[in-house]
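Single-letter residue listing:
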Amino acid sequence: MTKISVNEVTKKYADHTALDRMCIEIPERCIYGLLGPNGAGKTTLIRILNQITAPDSGEVLINGEKLSQKHIAHIGYLPEERGLYKKMKVGEQAIYLAELKGIKKAEAQKRLKMWFEKFEIGDWWDKKVEELSKGMQQKIQFVTTIIHEPDILIFDEPFSGFDPINANLLKEAILELRDKGATILLSTHNMASVEELCDSITLINNGRSILQGRVGDIKRQHDTHQREIIIRCDDTLRVMNIADTYNNIKVEPTDQPDETKLTLFSTSPNDLLNQLLQVGQLVSFREMLPSMNDIFIQEVQSQNQAS
């Protein structure tokens, strides 16, 4: 079922078209990546979804209903630019922000304590925000974004400034929120996080959607048919002689003295594997699908050259 529909949305600022007839269908209970270079139109779309601004034409639907004031309570938004009151104590501020979202104090304390414990920040409850590191402050703001348990969450560069351990903690929380029913819109330049988290994506450039779909499907659509084989054999020369009978194969040594890596370019691996297995042991075989980072660069450059 579709959770968010963006239908032919256009937004202009003076002579600049930030969004040009944008169309996106975001399913419920998914993590949806909103990708694009700086200035592509991502922030404008996020501002429209949060009703900070309105489209010049087109419409946004939530659960089939036109976006309106009543939907604000169902959306949690974590902007790229963070903002907490630095002189307030962490716990007091978190409760205050939760109460602004309609949660009674006792329930707010219960939910906050749970999330503070999960994020390992319980000891900071009575500290002032200015005493916290940037990463700690980001954890606090993430918690206050989700505390009212909205069914739509919009995260703009949520991993900025996090070390790998805390970034992983945040990723686990985002996956948990999706599994509990939230629809999550994730805007990020971190393509590794896109591959780890996103079910589907839209790539925006110059105000237009230039690529949409499920991450796995997109990677297969851009498959260059490269395959990698690592074979273990005491006689490397025998492996090289077999490879020489095929076209478009690159042969390289590995860190292991008895292993050889073969990279196939548009070459069927079946016959090659049969021959290699007669002289050695298969260590690994994998499809070398392009990364989302490579696809991002290829699609944006291609569209820029065409326009």
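The numbering scheme is per chain: residues are counted from 1 as the chain's sequence reads. Confidence filtering applies because this is a predicted model: local features only for residues at pLDDT of at least 70, side-chain atom pairs given and counted only at 80 or more, and all residues used for totals across whole chains, interfaces and linings. Water and hydrogen atoms were dropped before computing side-chain values, which therefore reflect all heavy atoms in the structure.

A. A look at the overall build of the protein. Each helix and strand counted, the protein has 10 helices and 14 strands in total. Relative to the compact-globule value of 19 Å for 307 residues, the protein shows a C-alpha radius of gyration of 24 Å, a clear excess of over 25%. Type-normalised accessible area, obtained with a 1.4 Å probe on protein chains alone, sets the label of each residue: buried when under 20%, exposed when over 50%, and partly exposed for intermediate values. By the burial criterion, 48% of the 307 residues in the protein qualify as buried. Here a residue-residue contact requires only that any non-hydrogen atoms of the pair lie within 4.5 Å. A sequence separation of at least 24 residues applies to 69% of the contacts in the protein between residues at least 6 apart. Shrake-Rupley sampling with a 1.4 Å probe provides the accessible areas, and residues are treated as covered by the protein chains on show and by no other component. As presented, the protein carries roughly 16,000 Å² of accessible surface, and 46% of it is formed by carbon and sulfur atoms. Note that His is not counted, nor are the chain ends; the positive residues are Lys and Arg, and the negative ones are Asp and Glu. The atoms used to mark charge sites are NZ of Lys, CZ of Arg, CG of Asp and CD of Glu. Placing the 37 positive and 44 negative side-chain charges of the protein at their respective mean positions leaves the two points 7 Å apart. Where helices and strands are cited, they refer to DSSP runs of H or I of at least four residues and of E of at least two residues respectively, numbered from the N terminus. We take the radius of gyration over the C-alpha atoms and set the globule estimate at 2.2 Å times the residue count to the 0.38 power.

B. Region of interest: the pairing of strand 1 (residues 2-13). Two strands qualify as a pair provided DSSP detects at least 2 bridges between them. Where strand 1 meets strand 2 (residues 16-27), eight bridges bridge the pair, whose relative direction is antiparallel. If you follow Lys12 over to strand 2, its bridge partner there is Thr17. Hairpin connection, strand 1 to strand 2: the antiparallel pair is bridged by two residues, and Ala14 has positive phi, about 55°. Two strands pair when backbone bridges link them, and strand 1 and strand 4 (residues 57-62) are joined in this way by five bridges, in the antiparallel orientation. If you follow Ser5 over to strand 4, its bridge partner there is Leu61.

C. Spatial organisation of the nonpolar core. With 51 residues, the main nonpolar core has Phe142, Phe155 and Ile201 as its most contacted residues. The biggest single contributor to this core is helix 5 (residues 164-179), with six residues. Grouping buried Ala, Val, Leu, Ile, Met, Phe, Trp, Tyr and Cys residues that are joined through side-chain atoms within 4.5 Å yields what is termed a nonpolar core.

D. Representation of a nonpolar patch on the surface in the model. Note that patches include only residues with greater than 30% relative accessible area and no salt bridge, and the join distances are 9 Å for like charges and 5 Å for nonpolar side chains (Val, Leu, Ile, Met, Phe, Trp, Tyr). Each salt bridge in this description consists of a side-chain nitrogen of Lys or Arg and a carboxyl oxygen of Asp or Glu lying within 4 Å of one another. On the surface, Tyr85, Tyr96 and Leu100 cluster together into a nonpolar patch covering about 340 Å² of accessible area. Position of Tyr96 among the secondary structure elements: in helix 2 (residues 90-100). Residue Tyr96 is classed as partly exposed on the basis of its relative accessible area of 36%.

E. Up close: the sheet that holds strand 6 (residues 75-78). Ordered in space as 6-7-8-3-9-10, the six strands form an open sheet in which the pairing is mixed. The open sheet terminates on both sides in strands that have one partner only, identified here as strand 6 and strand 10 (208-214). Strand-to-strand twist in this sheet, taken as the mean axis angle between neighbours without regard to direction, amounts to 15°. Direction of pairing for strand 6 relative to strand 7 (residues 152-156): parallel, over a ladder of four bridges. Across the sheet, Gly76 pairs through a bridge with Leu153, a residue of strand 7. Angles run from 0 to 180 degrees between N-to-C directions of axes, and those axes are lines fitted to C-alpha atoms, restricted for helices to the stretch in contact.

F. The packing of aromatic side chains, seen in detail. Stacked, edge-to-face and tilted labels apply to pairs of Phe, Tyr and Trp rings (six-membered ring for Trp) whose centres lie within 6.5 Å, assigned for plane angles under 30 degrees, over 60, and everything in between, in that order. Here the structure, examined in full by the defined rule, presents four aromatic pairs. Centroid distance Phe142 to Phe155: 5.1 Å. Interplanar angle 35°. Geometry classified as tilted. Note that Phe142 is positioned in helix 4 (residues 134-146) and Phe155 in strand 7, a separation of 13 residues in sequence. For the pair Phe142 and Phe155, one class covers both residues: buried. By the ring-pair criterion, three or more aromatic residues cluster together here, those being Trp115, Phe119, Phe142 and Phe155. Consider the ring centre and the ring normal. A charge sits over the ring if Lys NZ or Arg CZ is within 6 Å of that centre and within 35 degrees of that normal. The ring of Trp125 carries Lys113 above its face, with NZ or CZ at 4.2 Å from the centroid. For the cation-ring pair, Lys118 lies above Trp115, with the distance from its terminal atom to the ring centre recorded as 5.5 Å.

G. Focus on the environment of Lys127. Tracing the sequence through the fold places Lys127 in the loop between helix 3 (105-118) and helix 4. When near neighbours in sequence (up to four residues on either side) are disregarded, Lys127 contacts Met88, Lys89, Val90 and Leu132.

H. Region of interest: helix 5. For helix 5, with 16 residues, the first-to-last C-alpha span of 22 Å sits near the 22 Å given by 1.5 Å per residue. Those residues of helix 5 not exposed but buried are Asn166, Ala167, Leu169, Leu170, Lys171, Ala173, Ile174, Leu177 and Arg178. Lining the buried residues of helix 5 we find strand 3 (31-35), helix 3, helix 4, strand 7, strand 8 (183-187) and helix 6 (191-197). Whenever a nitrogen or oxygen atom comes within 3.5 Å of another N or O atom, the pair is scored as a polar contact, on the condition that within protein one atom can donate a hydrogen and the other can accept it, and that pairs from neighbouring residues in sequence are kept only if both atoms are in side chains. Near the N-terminus of helix 5, the side chain that reaches the backbone nitrogen of Ile165, with its oxygen 3.0 Å away, is that of Asp163. Phi turns positive one or two residues past the end of helix 5, at Gly181, with a value near 120°. Expected span of a helix: the number of residues minus one, times 1.5 Å.

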